[in-house]
Amino acid sequence: EDDCTVTITVLPTVLSGNIVLNALCTPLDMTVTVYQTGSQTSTGVLVGTFTGIQIDSNGDFSFDALGVVPGNYDIYFKPDNYLAKVSENVAVSASPTAVALTNMVPGDIDNSEDNQIDGDDVSPIITAYNTQDGVDAGYNAEADLNCDGFVDALDLSLIIFFFLTEGDAPMN
């Protein structure tokens, strides 16, 4: 009688990259959502959602994208307090796949599923206005959009400039 041993090794797909953010605002967490290219609709093929991915002080990130096999994908990146941004038709291979993102829009303070800068994002800035980190009990780090330790006119200017801006989102 012959014995047969089969060993299966599953190697994860590694997605890594760099996001250009204000270095003072890092580290922070990000959610990444992967769709098959061209199918990012409410009836499309969602391949996976990965949460708690940390962006370091250089804007770098890397994670094992279990379940994502080599192919082309539309990948949505949503750092906390920023609007989501898509990188379309990303060729993912068995070796690490790198993605670079720029022009990220700050201000989605409530991190709600609306992926829009709206009144719910303005309120925390108004509530914490004119406060300083480590000095005032009302300081809210999420309302400090430029991460300078103050919730002030600069943060209010940013939220007004981007008011009603929507992040990239799968089409419904």
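Scroll up a little and you will see the structure.
Keep in mind the model is a prediction, meaning the values are calculated, not measured.

Enquirer: So what about the nonpolar core? Which residues, and what values?
Expert: Within soluble globular proteins, side chains that are nonpolar generally end up buried alongside one another. Ile-19, Met-30, Val-32, Phe-63, Ile-75 and Phe-77 are the most contacted members of the largest nonpolar core, which has 24 residues in total. Elements with a contribution of two residues or more to this core: strand 1 (14–19), strand 2 (28–36), strand 3 (46–55), strand 4 (60–64), strand 5 (71–79), strand 7 (85–92) and strand 8 (97–101). Leaving out residues up to four positions away in the same chain, Val-32 has contacts with Gly-48, Thr-49, Phe-50, Ile-53, Phe-63, Ile-75, Tyr-76 and Phe-77. Leu-83, Val-122, Ile-125 and Ala-143 belong to the second largest nonpolar core, which has 13 residues in total.

Enquirer: Go over the pairing of strand 8 with me, naming the residues and quoting the values.
Expert: On any regular strand, side chains alternate: one points to one face of the sheet, the next to the other face. Residue alternation in strand 8 divides its side chains into a buried set, Thr-97, Val-99 and Leu-101, and an unburied set, Ala-98 and Ala-100. As defined by bridge partners, strand 1 adjoins strand 8 across five bridges and the pair is classed as parallel. What sits directly across from Leu-15, in strand 8, is Thr-97.

Enquirer: Go over the packing of aromatic side chains with me, naming the residues and quoting the values.
Expert: According to the stated counting rule, one finds four aromatic pairs in the structure shown. For the ring pair Tyr-35 and Tyr-76, a centre distance of 5.9 Å and an interplane angle of 85 degrees mean the geometry is edge-to-face. A residue pair is termed long-range when its members are at least 10 positions apart, and Tyr-35 in strand 2 and Tyr-76 in strand 5 qualify at 41 residues. Taking the relative accessible area as the measure of exposure, Tyr-35 reaches 12% and is therefore buried. Look at Phe-50 and Phe-63: their rings are 5.3 Å apart centre to centre, the planes differ by 45 degrees, and that puts the pair in the tilted class. Highlighted residues: Phe-50 in strand 3 and Phe-63 in strand 4, separated in sequence by 13 residues. Each of the two residues, Phe-50 as well as Phe-63, counts as buried.

Enquirer: Give me a negative patch on the surface: which residues, what numbers.
Expert: A cluster of like negative charges, contributed by Glu-113, Asp-114, Asp-120 and Glu-166, occupies part of the molecular surface. Considering the arrangement of structural elements, one finds Asp-114 in the loop between strand 9 (106–108) and helix 1 (119–128).

Enquirer: Hey, could you go over the environment of Ile-126 for me, with residue numbers and the actual values?
Expert: Within the secondary structure, Ile-126 is located in helix 1. Separated by 34 residues in sequence, Ile-126 and Val-92 place their C-alpha atoms 43 Å apart.

Thresholds applied
All residue numbers refer to position in the chain's written sequence, counted from 1. With the structure being a predicted model, the display of local features is reserved for residues of pLDDT at least 70 and the display and counting of side-chain atom pairs for 80 or more, all residues being used for whole-chain, interface and lining totals. For side-chain calculations, the full set of non-hydrogen atoms in the structure is used, while hydrogens and water are omitted. Here the nonpolar core consists of buried residues drawn from Ala, Val, Leu, Ile, Met, Phe, Trp, Tyr and Cys, with membership extended through side-chain atoms lying within 4.5 Å. A 1.4 Å probe rolled over the protein chains alone gives each residue an accessible area, and that area as a share of the maximum for its type sets the label: buried under 20%, exposed over 50%, partly exposed in between. Only DSSP runs of H or I with at least four residues qualify as helices, and only runs of E with at least two residues qualify as strands; both kinds are numbered from the N terminus onward. By the convention used here, residues are in contact when the closest approach between their heavy atoms is within 4.5 Å. By definition, two strands form a pair when at least two bridges between them are found by DSSP. Aromatic pairs are defined between Phe, Tyr and Trp rings, using the six-membered ring for Trp, whenever the two ring centres lie within 6.5 Å; interplanar angles under 30 degrees are classed as stacked, those over 60 as edge-to-face, and all others as tilted. Patch construction takes residues with relative accessible area above 30% that form no salt bridge. Like charges are linked within 9 Å, and nonpolar side chains (Val, Leu, Ile, Met, Phe, Trp, Tyr) are linked within 5 Å. Residue burial considers only the protein chains on display, and all accessible areas are found by Shrake-Rupley using a 1.4 Å probe. Take a side-chain nitrogen of Lys or Arg and a carboxyl oxygen of Asp or Glu: if they are within 4 Å of each other, that pair is a salt bridge. Just so you know, the count uses Lys and Arg for positive and Asp and Glu for negative, and it drops His and the chain ends. Where a charge lies is defined by one atom per residue type: Lys uses NZ, Arg uses CZ, Asp uses CG and Glu uses CD.

Taken by themselves, the reported measurements are silent on function.
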